[in-house]
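Structural features, examined
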Amino acid sequence: MANYSTASGFTDLVGSMVVTNNNVDSYTSDTLGTGTVQNLGGTGLRFNVTFTAVNRRYNINATANAGGTGYSGNANNNGPEADQETWSATASTGASEDSAADTGYGSGEDTGTKKAAI
């Protein structure tokens, strides 16, 4: 499972997503919230995403970049004009919520007496 920041000419698709083995597990728009994803299979990323606030389905087709740190492709808004825009995803980095638990800081394991260095 990998986290990605997404960008597109469609502002509805700017946000983030989680991907496992070229399947999108979740997609969140910065403006519309959580979307409903339908993976379409095939090579690369092929999926539809819908949001309750808008009455349209976005179709995204993208391939992994050579460095393996993201995807690039296009998105179609399936609107009356069937507009198409660029779409990309860049791998996000950062500590997960679980990583802080491994340090023992602030946990029940951190009960020893501390002395300041003199």
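Residues numbered from 1 in each chain as written. Predicted model: local features only at pLDDT ≥ 70, side-chain atom pairs only at ≥ 80, totals over all residues. Heavy atoms only, no water.

**Points about the overall build of the chain**
Going by this rule: In DSSP terms, a helix is any run of H or I states spanning at least four residues, a strand is any run of E spanning at least two, and both are numbered starting from the N terminus. Any two residues whose heavy atoms approach within 4.5 Å at even a single point are treated as in contact. Using a 1.4 Å probe, the Shrake-Rupley method yields the accessible areas, and only the shown protein chains count as cover for residues.
When helices and strands are counted, the chain shows 1 helix and 9 strands. Ordering the α and β elements of the chain from the N terminus gives β-β-β-β-β-β-β-β-β-α. Put simply, of all contacts in the chain between residues at least 6 apart along the chain, 28% involve residues at least 24 apart. Counting every atom, the chain has about 7,600 Å² of accessible surface; 46% of that belongs to carbon and sulfur.

**What to know about the sheet that holds strand E3 (residues 23–29)**
Where we set the bar: Strands were regarded as paired on the criterion that DSSP finds at least two bridges between them.
Reading across the sheet, the 9 strands line up as E4-E3-E2-E1-E9-E8-E7-E6-E5 and stay open at both edges, with antiparallel pairing between neighbours. Looking at the sheet topology across the chains shown, the edges are occupied by strand E4 (33–34) and strand E5 (36–39). Sheet topology places strand E8 (residues 70–76) next to strand E9 (residues 84–91); 7 bridges connect them, and they run antiparallel. If you follow Asn76 over to E9, its bridge partner there is Gln84.

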